[in-house]
Amino acid sequence: MQDLAGKVAVITGGGSGIGRGMAHAFAAAGMHVAIGDIELAAGERVQREVEEMGISSIAAKLDVADRDAVGSFADKVFDKFGEVHLLCNNAGVVTFDLMDDTSDADWRWVISVNLEGVINGIQAFMPRMKAQAGEKHIVNTASIAGIGPHEGIAPYVATKYGVVGISETLHAEREHHGIGSSVLCPGNVHTQIVASGRNRQDDVGGPDSRVHPDVQEQISAGMDPMEVGRIVRQAVIDDDLYIFTHPDTREIAEKRFAAILAAFDKCAARSAS
Ligand SMILES: NC(=O)c1ccc[n+]([C@@H]2O[C@H](COP(=O)([O-])OP(=O)(O)OC[C@H]3O[C@@H](n4cnc5c(N)ncnc54)[C@H](O)[C@@H]3O)[C@@H](O)[C@H]2O)c1
């Protein structure tokens, strides 16, 4: 998407962290910004910040896991702005447990937000975006945990692999719908992700205030989310499918793909014998 000024960006989970970084980056380029966040006060705070940059914005309380609510949010955004040029399905949560300690409620919560939230966003916005003339783009936030395995966060890894798969398929089907797609796969970014239990809905266990000091230390040393926002903005302009933020995470991809290719070599050798 070459010309961002005057276009409309929608960002789920835009009230904090990476979503807030994207809101600032797109507003700085003259885009109008619609924020949907389960924490309304946080979304409204970012709305005020970006409005000070001279653009028009709305913030709404939104649970991306609620399919009907995402549909109503889309109606609200199209009513206000008429068009949506950039959809950022970004809201996400994480739990920290080994697989055998991960509860059913943990699985359901992470799947409902990280995977179904992205699906709900695509289903609510895509038909009207497809019908619009001009350039359009979808950015889905996955993680480097969507590129290779990470111990202790199985539901997160499963959903982020899913988000990578959805994004790659959207990209492959581009000639049918005419919408560009990107998948954001960051390493550690200094956000509130470790405390994501603060937003856990009652039907999947309710708020979870467990602390994880080791992970918190790593995340606190992570990249500035404003920098991530600027990286995403450039990737949208460049129409990049994969958006990586940390060059040192390359080895995660190399390790996984080397193992997969070695298994194909073994398969070929077996077939030939
Ligand atoms: N921080 C990292 O190191 C990192 C790394 C890779 C990927 N990510 C991904 O980045 C995305 C943003 O996370 P972040 O790190 O900025 O965390 P964050 O907690 O700072 O921000 C997440 C935002 O999403 C909102 N949210 C949570 N549940 C929601 C729901 N059900 N519906 C709507 N909004 C909801 C929160 O209120 C918050 O404003 C997530 O998808 C996360 O998985 C983060």
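## Quick notes on the site of the ligand
Phase 1 of the analysis: Taken together, 32 residues sit near the ligand, with Ser16, Asp37, Tyr156, Val189 and Thr191 positioned nearest.
Phase 2 of the analysis: One of the side-chain N or O atoms of Tyr156 is found 2.6 Å from an oxygen atom in the ligand.
Phase 3 of the analysis: At 2.6 Å from an oxygen atom of the ligand is found a side-chain nitrogen or oxygen belonging to Thr191.
Phase 4 of the analysis: Look at the ligand: alone it shows 830 Å² of surface, and the protein chains cover 98% of it.
Phase 5 of the analysis: Counting residues per element, the ones that place at least two in the shell around the ligand are α1 (17-28) and α5 (154-172).
Phase 6 of the analysis: Residue classes in the shell around the ligand are distributed as 13 nonpolar, 14 polar and five charged.

## Looking at the environment of Val189
Phase 1 of the analysis: Along the chain, Val189 falls in the loop between β6 (180-185) and α7 (213-220).
Phase 2 of the analysis: In this structure Val189 comes out as buried when scored by relative accessible area, which is 4%.
Phase 3 of the analysis: On a C-alpha basis, the gap between Val189 and Gly222 in space is 4.2 Å, while along the polypeptide they are 33 residues apart.
Phase 4 of the analysis: If near-sequence neighbours (up to four positions away) are discounted, Val189 is found in contact with Ile18, Ile219, Gly222, Met223, Asp224, Pro225, Val228 and His246.

## A few points about the sheet that holds strand β1 (residues 8-12)
Phase 1 of the analysis: In space, the seven strands of this open sheet follow the order β3-β2-β1-β4-β5-β6-β7, with parallel pairing throughout. Where the open sheet ends on each side, the last strands, each with one partner, are β3 (57-61) and β7 (242-244). Strand after strand, the sheet turns through a mean of 15 degrees between neighbouring axes, direction not considered.
Phase 2 of the analysis: The sheet contact formed by β1 and strand β2 (residues 32-37) spans five bridges and is parallel. Paired with Val10 across the bridge in β2 is Ala34.
Phase 3 of the analysis: Across the sheet, helix α2 (residues 40-51) touches β2 and β3, and the angle it forms with β3 is around 175 degrees.
Phase 4 of the analysis: Strand contacts of helix α4 (residues 104-131): β1, β4 (86-89) and β5 (137-141), with the helix running at about 170 degrees to β4, the strand carrying the most contacts.

## Observations concerning a nonpolar patch on the surface
Phase 1 of the analysis: Nonpolar side chains collect at one region of the surface, where Phe257, Ile260, Leu261 and Phe264 lie side by side and expose about 400 Å² of accessible area between them.
Phase 2 of the analysis: If you trace the backbone, Ile260 turns up in helix α9 (residues 250-272).
Phase 3 of the analysis: Judged by relative accessible area, which is 33%, Ile260 ranks as partly exposed.

## Focus: the packing of helix α3 (residues 67-81) against α4
Phase 1 of the analysis: Across the interface, α3 lies against α4 with an axial gap of 8 Å and an inter-helix angle of 35 degrees. The element α3 and its partner α4 pack so that their crossing is right-handed. Every residue of α4 that contacts α3 at Arg67, Val70, Gly71, Phe73, Ala74, Asp75, Val77 and Phe78 is listed here: Asn120, Gly121, Gln123, Ala124, Phe125, Arg128 and Met129.
Phase 2 of the analysis: Looking at side-chain class alone, the contact of α3 with α4 contains eight nonpolar, four polar and three charged residues.

Each value, and the rule that gives it
Residues numbered from 1 in each chain as written. Predicted model: local features only at pLDDT ≥ 70, side-chain atom pairs only at ≥ 80, totals over all residues. Heavy atoms only, no water. Near = heavy atom within 4 Å. Polar contact = N/O pair within 3.5 Å; in protein donor to acceptor, adjacent residues only side chain to side chain. Areas by Shrake-Rupley, 256 points an atom, 1.4 Å probe, with all protein chains shown as cover. Helix = DSSP H or I, 4+ residues; strand = E, 2+ residues; numbered from the N terminus. Nonpolar A, V, L, I, M, F, W, Y, C, P; charged D, E, K, R; others polar. Buried < 20%, exposed > 50% of the residue type's maximum accessible area, 1.4 Å probe, protein only. Contact = heavy atoms within 4.5 Å. Pairing = 2+ DSSP bridges. Axes fitted to C-alpha atoms, helices over the stretch in contact; angles between N-to-C directions. Patch = residues over 30% accessible without salt bridge, like charges linked within 9 Å, V, L, I, M, F, W, Y side chains within 5 Å. Salt bridge = Lys/Arg side-chain N within 4 Å of Asp/Glu carboxyl O. Left-handed = near helix turned anticlockwise from the far one by under 90°.

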